[in-house]
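Per-entry structural report
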Amino acid sequence: MLTTLSRILIPVLTLILPDRGGWFTSNFSAAASEYPKNLLLMLWVLVTGISFHTSLKQTAELAAPYLSVKKEAVLADASILSLIVSVLLPYRPETWYYVSALHVLIAFSSTVIFFTALTVMDLRFFFEEPELFSLTTGLFLPAIAGTACLLIVCDYLISGALEVFLTLFSFFWLELFSHRVRQFVERKA
């Protein structure tokens, strides 16, 4: 349920955020720690956050008569808001060590919370209609494997490659999930 504009902006912004050649040795925060790239990071987090929020809210409202997932959507919203907060904190470990550490902690925690919310929401639908939601549930396995591989390849650094992978996975997964929820509602109606 993403808009056409967000369908273009999210992948484009996500792919241009990492530094050239720094996909495995840097991350969004390091690449965007200086002006003007920090404005690009803020634009990315706003576009992505608003789009993901809108998609999850519409999905929760659509499914509400049949299955309540508002708690999971609120949890996902909290993670999106915490990601916005982390982007507002400067990432300059050489001069602002503790603020940078807080930035990383909040950003990492928001990702874990977001994927937990998506997983719980998906499982609630899966247990209602396994044949309809088996693909969305099953896609978490390659996402976990991809995340683990990227962490190992990048020496356990939360790299730009990992951030791109998780953002694009979320983007395409939410598209598929929204489509499946619409099918779920049509079947129930």
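Criteria and cut-off values
- Residues numbered from 1 in each chain as written.
- Predicted model: local features only at pLDDT ≥ 70, side-chain atom pairs only at ≥ 80, totals over all residues.
- Heavy atoms only, no water.
- Phe/Tyr/Trp six-rings, centres within 6.5 Å; stacked < 30°, edge-to-face > 60°.
- Salt bridge = Lys/Arg side-chain N within 4 Å of Asp/Glu carboxyl O.
- Helix = DSSP H or I, 4+ residues; strand = E, 2+ residues; numbered from the N terminus.
- Buried < 20%, exposed > 50% of the residue type's maximum accessible area, 1.4 Å probe, protein only.
- Expected span 1.5 Å × (residues − 1).
- Arc of directions from axis to C-beta.
- Contact = heavy atoms within 4.5 Å.

Moving on to the packing of aromatic side chains. Two measures describe an aromatic ring pair: the distance that separates the ring centres and the angle between the ring planes. Inspection of every chain in the model, using the stated rule, returns 17 aromatic pairs. Site record: aromatic cluster; members linked through ring pairs are Phe52, Tyr66, Phe114, Phe115, Phe125, Phe133, Phe140, Phe165, Phe169, Trp173, Phe177 and Phe184.

According to the stated counting rule, one finds six salt bridges in the structure shown. Two residues, Arg124 and Glu72, come together in a salt bridge whose shortest N-O distance is 3.3 Å. In this pair, Arg124 is assigned in helix α5 (residues 97-128) and Glu72 in helix α4 (residues 70-88), connecting sequence segments 52 residues apart. Of the residues examined, Glu72 reaches a relative accessible area of 9% and is grouped as buried. When the shortest N-O distance is used, the salt bridge between Arg187 and Glu131 registers 3.2 Å. Of the two residues, Arg187 sits in helix α8 (residues 160-188) while Glu131 sits in helix α6 (residues 130-138), which places them 56 residues apart along the sequence. When its relative accessible area of 48% is taken as the criterion, Arg187 is described as partly exposed.

For helix α7 (residues 140-153), which comprises 14 residues, the first-to-last C-alpha distance of 20 Å matches the rise-based estimate of 20 Å (1.5 Å per residue) to within 8%. Taken residue by residue, α7 has Phe140, Ala143, Gly146, Thr147 and Leu150 as its buried positions. End-on view of α7: buried residues confined to an arc of 120°, all on one side of the axis. Opposite the buried face of α7, by more than 90 degrees, sit the exposed residues Leu141, Ile144, Ile152 and Val153. For α7, the elements touching its buried residues are α5, α6 and α8. Immediately downstream of α7, the backbone of Asp155 shows phi near 60°, a positive value.

Shape is all these values report; function is a separate question.
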